[in-house]
Amino acid sequence: QVQVAESGGGLVQAGGSLRLSCAASGRTFSSYVMGWFRQAPGKEREFVATIGLSGGSTNYADSVKGRFTISRDNAKNTVYLQMHSLKPEDTAVYYCAATRLYGGSYSRPEEYDYWGQGTQVTVSS
């Protein structure tokens, strides 16, 4: 079992940058595929990015491709989401998630077993 906790959210102007962090507990962090999702008010939770066990495999939603970068540091039990060129439509609560269910697309919330409480990102125009 793993516990994850996000940090780094905040208020930023359009065009700005933020880096989110997700710290995980436990000694088996490197065995979890990690993902970032987001949920805006009145909308369903949507996939943002995912990263494989060693960090060599990543996948992004089309809406963030080229602007966001997911990375992980297994020695620090942490996954990051670097966000550049932020837009007002990126405003949402961002969630970190973990799974050891291998073989899926990792783009659906139901593929993940463990979730953080979320961190708010607000992009002003």
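Residues numbered from 1 in each chain as written. Predicted model: local features only at pLDDT ≥ 70, side-chain atom pairs only at ≥ 80, totals over all residues. Heavy atoms only, no water.

1. Quick look at the environment of serine 17
So, step 1. You can see serine 17 is positioned in the loop between strand 2 (10-13) and strand 3 (18-24).
So, step 2. For serine 17, a relative accessible area of 36% gives the class partly exposed.
So, step 3. Residues serine 17 and threonine 50, 33 residues apart in the sequence, show an inter-C-alpha distance of 19 Å.
So, step 4. Once residues lying within four places of it in the same chain are set aside, the contact partners of serine 17 are Val12, Gln82, Met83, His84, Ser85 and Leu86.
So, step 5. Among the polar contacts listed, one links the side chain of serine 17 to the side chain of histidine 84, at a separation of 2.7 Å. (Helix = DSSP H or I, 4+ residues; strand = E, 2+ residues; numbered from the N terminus. Buried < 20%, exposed > 50% of the residue type's maximum accessible area, 1.4 Å probe, protein only. Contact = heavy atoms within 4.5 Å. Polar contact = N/O pair within 3.5 Å; in protein donor to acceptor, adjacent residues only side chain to side chain.)

2. Regarding the pairing of strand 11 (residues 119-124)
Each regular strand displays side chains that alternate between the two surfaces of the sheet.
So, step 1. Of the two faces of strand 11, only the one carrying Thr119, Val121 and Val123 is buried; Gln120, Thr122 and Ser124 on the other face are not.
So, step 2. In the sheet, strand 2 pairs with strand 11 via four bridges, with the strands oriented parallel. Residue pairing across strands places glutamine 13 opposite serine 124, the latter belonging to strand 11.
So, step 3. The pairing of strand 9 (residues 92-99) with strand 11 spans three bridges and is classified as antiparallel. Within the sheet, the bridge partner assigned to tyrosine 94 lies in strand 11 and is threonine 119. (Pairing = 2+ DSSP bridges.)

3. Side note on the sheet that holds strand 7 (residues 68-73)
So, step 1. Taken in spatial order, the four strands of this open sheet run 1-3-8-7, and their pairing is antiparallel. The outermost strands of the open sheet, each flanked by one partner alone, are strand 1 (4-7) and strand 7. Between one strand axis and the next, the sheet turns through 15 degrees on average, direction left out of account.
So, step 2. Bridge count between strand 7 and strand 8 (residues 78-83): six bridges; the pairing is antiparallel. Considered in strand 8, the bridge of isoleucine 70 is made with leucine 81. (Axes fitted to C-alpha atoms, helices over the stretch in contact; angles between N-to-C directions.)

4. Here's the deal with the packing of aromatic side chains
So, step 1. For the structure on display, the rule yields six aromatic pairs.
So, step 2. Between tyrosine 95 and tryptophan 115 the ring centres are 6.4 Å apart and the planes differ by 75 degrees, which places this aromatic pair in the edge-to-face class. Linking tyrosine 95 in strand 9 with tryptophan 115 in strand 10 (residues 114-115), this pair joins segments that are 20 residues apart in sequence.
So, step 3. A residue is classified by how much of its surface remains accessible, and tyrosine 95, at 13% relative accessible area, is buried.
So, step 4. Centre to centre, the rings of tyrosine 112 and tryptophan 115 are 6.1 Å apart; their planes meet at 65 degrees, and the pair counts as edge-to-face. (Phe/Tyr/Trp six-rings, centres within 6.5 Å; stacked < 30°, edge-to-face > 60°.)

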